[in-house]
Amino acid sequence: MSHPQHETTDTSRLAFEATIHCLTGCGIGEVLGLGGATLLGLGNAASIVLGIVLAYVFGYGLTFVPLLRAGMPLLRATGITFAAETISITTMEIVDNIVVLAIPGAMDAGLADVLFWGSLALSLALAFVAAFPVNRWLIARGLGHAVMYDVHS
């Protein structure tokens, strides 16, 4: 017999883990993208694009590589990765970039500036808050990271 409270707790726990997973990939991508673009003196638009591209690369990579290492065929690993990560990464990237753009001076701050790191940390924290309910909703419907667990069950 299924217990609704247990299912709710399991769904919330899995959503939290999925959101942490997504935050890790997005965080790595954003730090390398925005940090690298700032270090290279690239403009704001290039910084944002590089951060977004690398957030998707690392976000997808954190799912895709382990699936391949586990022996999953390339096409199946690709499909599962896109299904598990796309909406969560997109949610995080939208919130992350809106916050960084909304903070005065954040995009012009240098790597040694507290404003650069503080705005990036705040934007990622708020992106986590935004992505958690999205992941929870997806998992409750057997989507998002839930597709990964269907593979292993």
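Check the entry above for the structure.
Since the structure is predicted, the reported quantities are computational estimates derived from the model, not experimental observations.

A.B. asks: Would you explain the packing of aromatic side chains in this entry?
C.D. replies: The description of an aromatic ring pair rests on the distance of the ring centres and on the angle between the ring planes. With the rule as written, the count across this model stands at four aromatic pairs. For the ring pair Tyr 56 and Tyr 60, a centre distance of 5.7 Å and an interplane angle of 45° mean the geometry is tilted. Residue Tyr 56 and its partner Tyr 60 are located together in helix 2 (residues 44-69), separated by four residues, close to a single helical turn. Members of the aromatic cluster, each reached through a chain of ring pairs, are Tyr 56, Tyr 60 and Phe 82.

A.B. asks: I tried to follow the pattern of salt bridges on my own but got confused; where do I start?
C.D. replies: Where charged atoms of side chains with opposite charge meet at close range, the side chains can pair. Per the counting criterion, the structure on display carries one salt bridge. Note that Glu 17 and Arg 13 form a salt bridge whose closest N and O atoms lie 3.2 Å from each other. Taken together, the residues span about one helical turn, with Glu 17 and Arg 13 both in helix 1 (residues 4-40) at a distance of four residues. The exposure class assigned to Glu 17 is partly exposed, which follows from its relative accessible area of 35%.

A.B. asks: Whenever I open this one, helix 3 (residues 74-102) confuses me. Can you help?
C.D. replies: For an α-helix the count is 3.6 residues per turn, leaving residues at separations of three or four pointing the same way. Taking 1.5 Å of rise per residue, the 29 residues of helix 3 would be expected to cover 42 Å, and the 40 Å separating its terminal C-alpha atoms lies within 8% of that figure. Largest kink in helix 3: about 40°, centred on Glu 85.

A.B. asks: What should I look at first to understand the nonpolar core in this one?
C.D. replies: Most often, soluble globular proteins keep nonpolar side chains buried together rather than apart. Counting residues in hydrophobic clusters, the biggest one holds 21 residues, and the most contacted among them are Cys 26 and Met 92. Residue assignment for this core shows that the elements contributing at least two residues are helix 1, helix 2, helix 3 and helix 4 (114-140). For this core, the leading source of residues is helix 4, giving six residues. Apart from the residues lying within four places of it in its own chain, the contact partners of Met 92 are Thr 19, Cys 22, Leu 23, Cys 26, Ala 127, Phe 128 and Ala 131. Membership of the second largest hydrophobic core comes to seven residues, among which are Leu 67, Ala 77, Ile 80 and Val 147.

A.B. asks: Whenever I open this one, the packing of helix 2 against helix 3 confuses me. Can you help?
C.D. replies: Between two packed helices, what matters for the description is the angle formed by their axes and the separation of those axes. As a packed pair, helix 2 and helix 3 sit with axes 8 Å apart at the nearest point and diverge in direction by 150°. By the angle between their axes, helix 2 is roughly antiparallel relative to helix 3. Crossing of helix 2 over helix 3 shows right-handed handedness. Here the contact of helix 2 with helix 3 is built from residues that sort into 14 nonpolar, eight polar and two charged.

Cut-offs applied
Residues numbered from 1 in each chain as written. Predicted model: local features only at pLDDT ≥ 70, side-chain atom pairs only at ≥ 80, totals over all residues. Heavy atoms only, no water. Phe/Tyr/Trp six-rings, centres within 6.5 Å; stacked < 30°, edge-to-face > 60°. Helix = DSSP H or I, 4+ residues; strand = E, 2+ residues; numbered from the N terminus. Salt bridge = Lys/Arg side-chain N within 4 Å of Asp/Glu carboxyl O. Buried < 20%, exposed > 50% of the residue type's maximum accessible area, 1.4 Å probe, protein only. Expected span 1.5 Å × (residues − 1). Bend = angle between axes of the 7 residues up to and from the residue. Core = buried A, V, L, I, M, F, W, Y, C linked by side-chain atoms within 4.5 Å. Contact = heavy atoms within 4.5 Å. Axes fitted to C-alpha atoms, helices over the stretch in contact; angles between N-to-C directions. Parallel < 35°, antiparallel > 145°, perpendicular 65-115°, else oblique. Left-handed = near helix turned anticlockwise from the far one by under 90°. Nonpolar A, V, L, I, M, F, W, Y, C, P; charged D, E, K, R; others polar.

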